[in-house]
Amino acid sequence: MTNIQPKIEQSWKEVMIDEFRKPYFEDLKNFLIEERAKYPVYPAGSQIFEAFNRTSFHNVKVVLLGQDPYHGAGQAHGLCFSVPDGIAFPPSLQNILTELKSDLDIPLPRSGNLTSWAEKGVLLLNATLTVRANIAGSHQGRGWETFTDNVIRKLSEHREKIVFLLWGRYAQNKRQLIDTTKHFILEAPHPSPLSAYRGFMGCRPFSKTNRLLIDAGLEPVDWRLTQ
């Protein structure tokens, strides 16, 4: 495994190359080989780094941080909160898209596929990039969090004027990784049904993100989803 490099977009490979060479990442790869030999693991191997492959390091305008991939069959495809075309909206995604409609008057889309956001500079990053089928959180504590924390650190250190959307306590604990003198943070409750009506609904994250970008002299995000 030592000489096998992840299939990840070139700018990210250059930024994260030292992580791929560290013992924890070797242990993580070996763990995933063992897991896949015994259980279904989501997303597919070719989609583990989909968030990075869709949004290059230099094109990141916004970071939306999730926790785990969806653990149901056919749901996870490497972008946090997103599902492939034809898959029913999970509850958190339904609430996100409902808030999008309320905030920017963008009609609810037919598909919950957020790939077009990723291609417009929104890094849809889960803290843990894989999961065993039907067991939420099953790949936590295996090394992914070390890797994705360092992704956030690299963005914080080498980029500026990125908007970090931190929804829920888990994501908000990542605030310590971000240099707030260079970047923007928008916090809100998690969009899950358990907390969405405690402040997520009505928080207007999309228009607030665009206002921050415009005020910083940057192009806003077109939040309309390509169907």
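Above this text sits the structure in question.
These figures come from a predicted structure and were not determined experimentally.

A.B. asks: Report on unusual backbone geometry, specifying residues and quantitative values.
C.D. replies: The omega torsion across Tyr42 and Pro43 is -10°, close enough to zero to call that bond cis. Even without a glycine there, the phi angle at Asn134 is positive, about 70°. Along the chain, Asn134 falls in the loop between strand S4 (131–132) and helix H6 (144–158). Look at Arg204: it is not a glycine, yet its phi comes out positive at around 55°. Along the chain, Arg204 turns up in the loop between strand S6 (184–188) and helix H8 (205–215).

A.B. asks: Summarise the packing of helix H1 (residues 10–20) against H6; cite the residues concerned and give the values.
C.D. replies: Axis separation between H1 and H6 bottoms out at 11 Å; the angle between their running directions is 135°. Taken as axis vectors, H1 and H6 run oblique relative to one another. Crossing geometry of H1 relative to H6 is assigned as right-handed. Contacts from Trp12, Val15, Met16, Glu19 and Phe20 of H1 reach H6 at Phe147, Asn150, Val151, Lys154 and Leu155. Here the contact of H1 with H6 is composed, by residue class, of seven nonpolar, one polar and two charged.

A.B. asks: Give a description of the layout of surface pockets that names residues and reports values.
C.D. replies: With a probe scaled to a water molecule rolled over the atoms, the places where space remains empty come into view. Here the largest pocket defines a volume of roughly 560 Å³. Along the wall of the largest pocket there are 30 residues; nearest its centre are Asp68, Tyr70, Phe81, Ser92 and His190. For the lining of the largest pocket, the elements supplying multiple residues, two or more each, are strand S2 (62–66), helix H4 (91–104) and helix H7 (169–172). The biggest single contributor to the lining of the largest pocket is H7, with three residues. Across the lining of the largest pocket, the residue classes tally to 13 nonpolar, 15 polar and two charged.

A.B. asks: Tell me about the pairing of strand S5 (residues 163–167), and please be specific about residues and values.
C.D. replies: Across the five residues of S5, five count as buried, placing the element largely inside the fold. Side chains Val163, Leu165 and Trp167 of S5 all project onto a buried face; the interleaved residues Phe164 and Leu166 project onto the opposite face, where all are buried too. Sheet topology places S2 next to S5; three bridges connect them, and they run parallel. Within S5, the position partnered with Val62 by the bridge is Val163. Inspection of the sheet shows S5 paired to S6 by five bridges, in the parallel sense.

A.B. asks: Can you tell me about the pattern of salt bridges, naming the residues and giving the values?
C.D. replies: Tallying each qualifying case throughout the model produces ten salt bridges. Taking the shortest distance from any N to any O, the salt bridge between Asp103 and Arg204 comes out at 2.9 Å. In this pair, Asp103 is assigned in helix H4 and Arg204 in the loop between S6 and H8, connecting sequence segments 101 residues apart. The class for Asp103 is buried, based on a relative accessible area of 6%. Asp222 is the salt-bridge partner of Arg224, the closest N and O atoms lying 2.8 Å from each other. For Arg224, a relative accessible area of 54% puts it in the exposed group. One salt-bridge network, held together by shared partners, links Glu50, Arg54 and Glu119.

What counts as what
- Residues numbered from 1 in each chain as written.
- Predicted model: local features only at pLDDT ≥ 70, side-chain atom pairs only at ≥ 80, totals over all residues.
- Heavy atoms only, no water.
- Helix = DSSP H or I, 4+ residues; strand = E, 2+ residues; numbered from the N terminus.
- Axes fitted to C-alpha atoms, helices over the stretch in contact; angles between N-to-C directions.
- Parallel < 35°, antiparallel > 145°, perpendicular 65-115°, else oblique.
- Left-handed = near helix turned anticlockwise from the far one by under 90°.
- Contact = heavy atoms within 4.5 Å.
- Nonpolar A, V, L, I, M, F, W, Y, C, P; charged D, E, K, R; others polar.
- 1 Å grid on protein atoms, 1.4 Å probe; cavity = no way out; pocket = protein on both sides within 12 Å on 5 of 7 lines; lining within 4 Å.
- Points joined across faces, edges and corners; volume = space filled by probe spheres on them.
- Buried < 20%, exposed > 50% of the residue type's maximum accessible area, 1.4 Å probe, protein only.
- Pairing = 2+ DSSP bridges.
- Salt bridge = Lys/Arg side-chain N within 4 Å of Asp/Glu carboxyl O.

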